[in-house]
Amino acid sequence: MRIDILTLFPQFFHTPLQNAIFRRAKDKDLVSFNVYNIRDYTHDRHHVVDDYTFGGGAGMLLKPEPVFEALEDVLKDRLEDELPIPVILTTPQGQTFSQPLAYQLAQHKRIAILCGHYEGIDDRIREHLVTHEISIGDYVLSGGELPALVIADALVRLVPGVLGSEDSPVTDSHSDGLLEYPQFTRPADFRGWKVPEILLSGNHAKIAAWRREQSILKTASRRPDLLAKTSLTAEEKKFVSGLALPQADADVNEQSK
Ligand code: ADE
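Residues numbered from 1 in each chain as written. Predicted model: local features only at pLDDT ≥ 70, side-chain atom pairs only at ≥ 80, totals over all residues. Heavy atoms only, no water.

Trainee: Please explain the overall build of the chain as it appears in this structure.
Mentor: A count of helices and strands for the chain gives nine helices and nine strands. For the chain, the spread of C-alpha atoms along the principal axes amounts to about 70 × 45 × 40 Å. Every one of the 257 residues in the chain was classed for burial, and the buried ones make up 39%. Restricting to contacts in the chain with at least 6 residues of sequence separation, those with at least 24 account for 74%. Put simply, the chain shows about 15,800 Å² of open surface, and 53% of that area lies on carbon and sulfur atoms. Charged side chains in the chain number 28 positive and 37 negative. The centres of these two groups are separated by 7 Å. (Helix = DSSP H or I, 4+ residues; strand = E, 2+ residues; numbered from the N terminus. Buried < 20%, exposed > 50% of the residue type's maximum accessible area, 1.4 Å probe, protein only. Contact = heavy atoms within 4.5 Å. Areas by Shrake-Rupley, 256 points an atom, 1.4 Å probe, with all protein chains shown as cover. Lys, Arg positive; Asp, Glu negative; His and termini not counted. Charge placed at Lys NZ, Arg CZ, Asp CG, Glu CD.)

If you want it as structure tokens, here you go:
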């Protein structure tokens, strides 16, 4: 997979892309990263990338010319028969990023991520250049660089071979619509807090059943919205209907006001 990132702050990516999962993926030649400075695609002496908003309003907008030029340059060597390359804009106005969307994007051999500008972008960029607008959550960050790293991390770990089989993404929270079950390592007794007996039993079928039940319990108590979308067996549905579930999210928010 190839990930091209277009940003006004290329230095933001230097350290993260040299560490952890990104480093692993690069070392195994499974993913390549290219970071482009949008400012390099300006032609004036001061490398101006933003301008005032037509019609008035506070703040400056990212201009269309350098962004179009940068992206056209980055995508110029695309192969004719290649699938359309997703061009992602990170913006709080986008669709919320999720594991299913990560799986969908990870099918592509190439993606480009355009890091949104804190004060906004000329809408023609969004309309004519971008294929996906993605938000990483309902809060506003100062720029699209952190969201770009979040999205890149979620995709890279889905590229076959990046993770060892021992930490396959199949067991991750969200991969089956449920949150992950609790896990423990040695010591079996730490300050008197004991690891659940069943995990020491060596009975793999029982352990799998316990983990599934724990996943369902955790999802039911923390994210009932996810549970409603997950496919459960008839027996599991009965189990869930017998649980005392927490109030819906809206009520919880109401209480915390
Ligand atoms: N830019 C600023 N806030 C953002 C968010 N929540 N998600 C994606 N891009 C953003």
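Now that the structure is up, let's keep going.
Trainee: Before we go on, may I ask you to explain helix α1 (residues 20-27) in this structure?
Mentor: For α1, the complete set of buried residues consists of Ile21, Phe22 and Ala25. The buried residues of α1 occupy one face: seen down the axis, they fall within an arc of 100°. Exposed positions of α1 whose direction lies more than 90 degrees from the buried face are Ala20 and Asp27. Lining the buried residues of α1 we find β2 (32-37) and α5 (145-156). (Arc of directions from axis to C-beta.)

Trainee: Please explain the pairing of strand β1 (residues 2-7) as it appears in this structure.
Mentor: The side chains of a regular strand alternate, residue by residue, between the two faces of the sheet. Most of β1 is tucked away: six of the six residues are buried. What you see with β1 is no split at all: Arg2, Asp4 and Leu6 on one side and Ile3, Ile5 and Thr7 on the other are buried throughout. By the bridge criterion, six bridges tie β1 to β2 in an arrangement that is parallel. When the sheet's bridge partners are listed, Leu6 is paired in β2 with Tyr36. In the classification by handedness, the crossover that spans β1, the intervening α1 and the parallel β2 is right-handed. Across five bridges, β1 lies against strand β6 (residues 110-115) in parallel orientation. (Pairing = 2+ DSSP bridges. Right-handed = clockwise from strand over helix to strand, strands pointing away.)

Trainee: Please explain the site of the ligand as it appears in this structure.
Mentor: What surrounds the ligand is the set Thr90, Thr91, Pro92, Ile134, Ser135, Ile136, Gly137, Tyr139, Val140, Leu141, Gly143 and Pro147. At a separation of 2.9 Å, a nitrogen atom of the ligand approaches a polar backbone atom of Ile136. Here the ligand loses 97% of its free accessible area of 260 Å² to cover by the protein chains. At the level of secondary structure, the elements contributing two or more residues to the shell around the ligand comprise β5 (87-96) and β7 (132-135). Per element, the largest residue contribution to the shell around the ligand is three residues, and it comes from β5. Class assignment of the residues belonging to the shell around the ligand gives a composition of seven nonpolar, five polar and no charged. (Near = heavy atom within 4 Å. Polar contact = N/O pair within 3.5 Å; in protein donor to acceptor, adjacent residues only side chain to side chain. Nonpolar A, V, L, I, M, F, W, Y, C, P; charged D, E, K, R; others polar.)

Trainee: Hey, could you run me through the confidence of the model for the chain in this one?
Mentor: Regions with low pLDDT should not have their predicted coordinates read in detail. Of the residues in the chain, 94% reach a pLDDT of 70 or more, and the chain-wide mean stands at 92. Segment residues 249-257: pLDDT under 50, and two contacts once partners within four positions in sequence are set aside and those in other chains are kept. (pLDDT = per-residue confidence, 0-100.)

Trainee: Mind showing me how you'd approach the pattern of salt bridges here?
Mentor: A side chain with one charge can pair with a side chain of the opposite charge if their charged atoms come near. The tally for this structure, following the rule as stated, stands at 15 salt bridges. Across the pair Arg2 and Asp4 runs a salt bridge whose closest N-O atoms are separated by 3.0 Å. Overall, the relative accessible area of 19% leaves Arg2 in the buried class. On the accessibility criterion, Asp4 (0% relative accessible area) is buried. A salt bridge links Glu65 to Lys63, with the nearest nitrogen and oxygen atoms 3.6 Å apart. (Salt bridge = Lys/Arg side-chain N within 4 Å of Asp/Glu carboxyl O.)

Trainee: Sorry if this is basic, but what is going on with the side chain of Thr230 here?
Mentor: Looking at the element boundaries, Thr230 is found in the loop between α7 (224-227) and α8 (234-241). When residues no more than four places from it in sequence are discounted, the contact partners of Thr230 are Asp176, Gly177 and Leu178.

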